[in-house]
Amino acid sequence: MTETTQNPVTAPANILHPSGYLRRNPSVLWFLLGLAVLTLAVTLLSPAYGGGGISTSFVKTLGKTLCLCLAALAMDIVWGYTGILSLGHMAFFALGGYMIGQWLMYARTQEIVLQSLVAGPLPPTAEEIAQGVGSQIFGVVGGSDIPLIWGFAHSLPLQLALVVLVPGLLALIFGWLAFRSRVTGVYLSILTQAMTLALSLYLFQNDSGLRGNNGLSGLQNLPGLADVSQDFLSVWFFWASALMLALAYLLLSAVVSGKMGSVLRAIRDDEARVRFLGYPVEGYKLFVFVVTAILCGIAGALYYPQAGIINPAELAPIASIYLAVWVAIGGRGRLYGAVIGAAFVSLLSSWFTGGRAPSIPLGVYTIDWVDWWQVLLGLSFVAVTLWAPKGIGGVFDRFQGLHSPDRKGQPLGPDAGSLQESEAVE
Amino acid sequence: MRAFLLGLAMAFLGLTAHVGPVLAETVAKIVATHARDIEKPSRQTIGPVIADLAGSGDPMAARLLEAWGGKLLGKRKSDGAIFLLAPDAAGYALTDLQGASAGIAANAEITVLKPNAGVRGLIAAALVQFTLSDPDPAKRAEALNSIAKDPNVEALAALRGATANETDPALLARKLRLERLLTLRFDPDPKARVAAIEGFGADAGLDLRAALTPLLATTRIAAVTRPEGANIARSLTVGTDLSAADAYALLVTSGAAPARITREDQKQALAAHIAAGQVAGVPLSELGDQATRDRAYTALEAAGQVPSAATDDEVAKAIAAHGFYDVYTEADATVTAAARSALDRIALKVAAMQAADLSLDGLSLAAIYFLAAIGLAITFGVMGVINMAHGEFITMGAYTGYVVQQIVPGYTASLLVAFPLAFAVTFAAGVGMERLVIRHLYKRPLETLLATFGISIALQQIFKNIFGTQARPLTAPDWLGGALTLNDVISISYIRLAIIVLALLFLGFFLYLMKRTRLGLEVRAVTQNPAMAASMGINPDRINMLTFGLGSGIAGIAGVSIGLYAKVTSELGSDYIVQSFMTVVVGGVGNIWGALAGAGMIGGLQKAIEWLNPSNTLAAQTYMIIFIILFIQFRPRGIIALRGRAAGD
Amino acid sequence: MTALLEVSGVSVSFDGFRAINNLSFSIGAAELRAIIGPNGAGKTTFMDIITGKTRPDSGSVTWGERAISLLNLSEAAIARIGIGRKFQRPTVFEDQTVAENLILALKSPRNPFAALAFVLTGEGRARVAALAAQVGLGAHLARKAGELSHGQKQWLEIAMLLAQEPRLLLIDEPAAGMTLAEREQTTAMLVGIARTRAVVVVEHDMEFVRRLNCRVTVLHEGAVLAEGSLDHVTRNPAVIEVYLGRG
């Protein structure tokens, strides 16, 4: 997996040293090494393949964290590199989950229904099976008909295609509308937030066809693998998540270190200037928006079978905001920053909210972290924005003795481009 | 029967009209004359008696009828005299027919007269007329109420008899209206009914609608030939007007066709006839298919082993052989036609009034969005800063109001304290936030967005920790309770009205502040060109701080207003924040009229969509947001956009 | 000589203010032209119209031998057909190296998929090195553009413009903030560039314009006031009125 020196994308970051992919991306080796070590450790400590030093639920937590890291990678590309603060990428993530969830739930229910029907005197008709599956799945929202949007749910390949297509198409339509009318900056953020809200409100309805606020459940049971225990499934999913994360990291670091990355960062810093260089800025934004939406969809498709349940609350705008928080805390504009941020904050968050963090007695009042973690998170987020815009990644710069260029002009943030467009005409 | 009763009533009418104050006969005399009929009454014979009683003009007549109908009229066994009875510990207290007390009698001495239900009905109808002519206007009004609640043909007759001597003009109007309402339903003459219906003209009263609607009630029938003489509302086409399944079900319920066998029953029947792995010669393994099952069942049918059930073919034939009709229960076509056209007319008028009511609803919603968004519009417009914690400032205002109500007694007084205090608290919070955070992030709008997210997350959790997750009440004073009701369609609660007024006040205040004060001038200067403003001696720092404080303060006031009709929870503000953003984006940034237009559009739109799809407010919000996303396509800078070079790109 | 760019009868208003008023202008394929005019004469708006940033209310803008209308093209498309623009303030991508800046500008297919598949050939590498050397940044290829001095950024931007290989260059006040030596260097370069392509220079500085020694168009209140050699236009009483009449 590390033989990537053959990578066809060989645009230089430094023309004087037109060296290979790895040289331009020193973080890749470290990242893959770390991920390999983690995977090995988790495998050896898992109840299924090793001593059982960690529980199956912890394996799942780690596996889910890897999926969140994948989503954070996508967010970093769209925000950290391209400067589009999307507040909708967790919606794409959840859509991916819904798509895979449809198959998981349908196929699994069909298995159960078939089992119960086979016991009857006559072999079941297709209609009876559909009826049985329908009332099993939709009884909770008072229906037994299988809605049209479940038309592909019987087929894993089709539903896997939807994992890619549905978030991709939504992103394509929304992005086309938004970018075409040159909506930028905070406007775009708010618009993406509105999109997320609309989608989640829609899914909350019982007649949305996706079981309203009940969502899809029982996703941890794989159809056809009823005999395999969760101990094994959890490790398999961990492997799949790790593999996907590694692949995405390799691919994305190749993309951002090449000319594509250069154009994206240029769009982030000064969109109008890029346009006058002849680049179709809207096309690039749309490309990035769609590709990252698909990545998020894939991450969600890996996440929710490990979580076991998905419901519309997962699409709430706040989820996408957290995604931005992770990336910001980890460090924007660097891929490993996004991964570190997502892993660090989400694991810390589950530690605090899980009630495992020790309370702090203050005499008159005891700080119980279940109640105060959100406050701490919110404030530390403000602190990071104010004092450490590079996030945790900034520590690595220190470590490598790198310093940001001493700029004569205005301080350029990842969002300054939209401002500079108006200045450019002066 | 009705005709008879009506005839009887007409007799009353004639009598009361002519008799007037002169006592024709006393009750005692009438009773004496008709003693036999009174003791053994029948519907045929009792008419004249009641008519005489009703026409007597003697005040005792009403009491007698009342007692008679209530089975409290009795005959003393010893002398056959008739008395009004009142249950007493020792038996009955007696009152004679002149109204004087006549002592007490034991149960055994009295034969209670128990008229049958038919007679009691006649008595009751006669009594209605008495109450309708009761000297006490309150009693008359009550009688009218009970008729309006339970209209019937007897009441019509009584009403007609009770209009001539009505002195109270209000009651007379009610009686006349009620008489017409009853006429259009119960008059035996269709012409009179049509005339009554048309007499209402463009009236859209709820009572009229209630009277007309039952005239158009239909029943659905199936018939081989078109029913002659029936008042057919419409004939139905199978497939478009009703489904084949429904049509067949109608045939089954009317006994015109045998029931179909359900799939489940068919399965049971097949399962009961499994023999050697086969059903009627069909192997079991092939029965996982509906067509095969039908074939097996037909084979069983042919063998006489199962009852025959309608096949698809037979069903189709049966349906084809019948016509399906909706038939009016009202037999007269002229009446139904008149009622239909009257109802159509009313529907149009009601729709217009509903539109007015909807506009009022939309207006009040717009006022709320305006209040919630105006602070946001100010900070966004002047400073280019999006404050994601704006929603939490709204919540903060609402909680301030709640705390004030815990301390200050009296809802009016507490509100008077709460509004300025909420403004002060959120103003301070806004200024604090500007000084501590936002000031350092100017020129980095997306980072401001994020930092204020952080504050929003933290504030929301702090509210939860302090006030808990349950809703806290913020009670409006009594004079804000209730609603301003124009008619049965158009109404608006006073709280909403107050919020509209408040929004208008703020609009005025804000316009004054921006156009007429030094601060407004400086704010506008900083908005248009900060560098130039600074060089003119305006301190942009101070202006930014004040603007942010002002925007936040208005959020606090919006919070108190919203809290008055919505429950105060830590999520109150975030429920409004996306709408507020939409308001600002749709309206156009940096312009108070833009915020107003945006709020009007979003409020109106939301109500309109809810009206189109009333069962589903979630879907309404979804559609609204989609609409806004599309709207941005056509007006990327909002309804009221700054144009030209100043707007940049 | 056929015109490369032909602007005719163009008008545009902002909120009732006529920024450009029935303006006509044309430039040949290899010509150096200076545009002068007082503040608010419409110089920037004029450039905005050519580069597609502002749509005129009326008039036409046509390009090239086949007289393509530029009015329906996006900014990016206009840049791709060969119109380069340099802003008054140096706008280079400060977070990227000089080399990256130049590669971005290098003439190549501009769509996202081409960017993904882009490979810097030896030829391209040589071109980048040559352009950098031409503007005196040969030793700074690996430095971030943000670290350069103001003048160096100007040079980098000019090199980026050349890398685009445009047929028409629009240059807004190139001399602003430059030292005397740098001005001379710039003059020489512009004259050199204009031998093979059209160059429009918008400038306030009469001394600089004189050194360019080219045809001059005077804009005033959104219309052409005078056109000809510098000496010719400076003798024009209307021009004197506009420039000197205001003191």
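Residues numbered from 1 in each chain as written. Chains lettered and ligands numbered in written order. Predicted model: local features only at pLDDT ≥ 70, side-chain atom pairs only at ≥ 80, totals over all residues. Heavy atoms only, no water.

**Student:** Is there a simple way to think about the overall build of chain A in this case?
**Tutor:** Helix and strand content of chain A: 16 helices and four strands. Roughly 16,300 Å² of accessible area belongs to chain A as shown, and the carbon and sulfur atoms make up 66% of that amount. (Helix = DSSP H or I, 4+ residues; strand = E, 2+ residues; numbered from the N terminus. Areas by Shrake-Rupley, 256 points an atom, 1.4 Å probe, with all protein chains shown as cover.)

**Student:** Whenever I open this one, helix α26 (residues 617–634) of chain B confuses me. Can you help?
**Tutor:** Residues separated by three or four positions in an α-helix point in the same direction, a consequence of the helix having 3.6 residues per turn. The first and last C-alpha atoms of α26(B) sit 26 Å apart over 18 residues, in line with the 26 Å expected at 1.5 Å per residue. Residues Ala619(B), Ala620(B), Thr622(B), Met624(B), Ile625(B), Ile628(B), Ile629(B), Phe631(B), Ile632(B) and Gln633(B) constitute the buried set of α26(B). Where the residues of α26(B) are buried, they touch α6 (156–180) and α7 (185–204) of chain A together with α24 (572–587) and α25 (592–612) of chain B. (Expected span 1.5 Å × (residues − 1). Buried < 20%, exposed > 50% of the residue type's maximum accessible area, 1.4 Å probe, protein only. Contact = heavy atoms within 4.5 Å.)

**Student:** Explain the sheet that holds strand β5 (residues 68–69) of chain C to me, please; I cannot follow it from the model alone.
**Tutor:** Two modes of strand pairing occur in sheets, parallel and antiparallel, and in both the strands are linked by backbone hydrogen bonds. All names here are of chain C. Within the open sheet, the four strands sit side by side as β2-β1-β4-β5. Their pairing is antiparallel. Of all the strands in the sheet, the pair left with one neighbour each is β2 (17–28) and β5. Sheet topology note: the strand β4 (residues 58–63)/β5 ladder contains two bridges and is antiparallel. Counted as the bridge partner of Thr62 is Ser69 from β5. Most of the contacts of helix α1 (residues 43–50) go to strand β1 (residues 3–14), to which it runs at about 120°, and overall it touches β1, β2 and β4. (Pairing = 2+ DSSP bridges. Axes fitted to C-alpha atoms, helices over the stretch in contact; angles between N-to-C directions.)

**Student:** I would appreciate a short explanation of the sheet that holds strand β1 (residues 73–76) of chain B in the present structure.
**Tutor:** Residues and elements named next belong to chain B. Strand order in this open sheet of five strands is β4-β3-β2-β1-β5, and the pairing throughout is antiparallel. The sheet is open, and its two edges are formed by β4 (101–105) and β5 (110–113), each paired on a single side. When the angles between neighbouring strand axes are averaged without regard to direction, this sheet yields 40°. As paired elements, strand β3 (residues 91–95) and β4 share three bridges and run antiparallel to each other. Bridging across to β4, Tyr92 finds its partner in Ala105.

**Student:** Honestly, the domain arrangement of chain C in this entry has me stumped. Any pointers?
**Tutor:** One frequently used descriptor of interface size is the decrease in accessible area upon assembly of the parts. Residues and elements named next belong to chain C. As far as domains go, chain C holds domain 1 (1–82 + 166–247) and domain 2 (96–165). For domain 1 and domain 2, the distance between their C-alpha centroids amounts to 26 Å. Each side of the interface is counted separately: domain 1 has 15 residues, and domain 2 has 12 residues. Around 1,100 Å² of area is buried between domain 1 and domain 2 when both sides are counted, 70% of it from carbon and sulfur atoms. Linking domain 1 with domain 2 are zero salt bridges, by the criterion used here. (Domains from an automatic or database assignment. Buried area = accessible area lost by both parts, 1.4 Å probe. Salt bridge = Lys/Arg side-chain N within 4 Å of Asp/Glu carboxyl O.)

**Student:** Honestly, the packing of aromatic side chains in this entry has me stumped. Any pointers?
**Tutor:** One pair of aromatic rings is described through two measures. These are the centre distance and the angle between the planes. Tallying each qualifying case throughout the model produces 24 aromatic pairs over all chains. Where Phe92(A) meets Phe289(A), the ring centres are 5.9 Å apart and the plane angle is 85°; that geometry is what we call edge-to-face. Of this pair, Phe92(A) sits in helix α4 (residues 89–118) while Phe289(A) sits in helix α11 (residues 281–307); the two residues are 197 residues apart in sequence, bridging distant segments of the chain. Neither Phe92(A) nor Phe289(A) differs from the other in exposure class; each is buried. A centroid spacing of 4.5 Å and a plane angle of 15° characterise the contact between Phe352(A) and Trp373(A), whose relative ring orientation is stacked. Remark: Trp373(A) occurs in helix α14 (residues 369–387) and Phe352(A) occurs in helix α13 (residues 335–353); sequence separation between them is 21 residues. For Phe352(A), a relative accessible area of 9% corresponds to the buried category. Clustering of aromatic rings is evident, with ring pairs tying together Phe92(A), Phe174(A), Phe179(A) and Phe289(A). The aromatic ring of Phe118(C) is capped on one face by Lys259(A), whose charged end is 4.3 Å from the ring centroid. (Phe/Tyr/Trp six-rings, centres within 6.5 Å; stacked < 30°, edge-to-face > 60°. Lys NZ or Arg CZ within 6 Å of the ring centre and 35° of its normal.)

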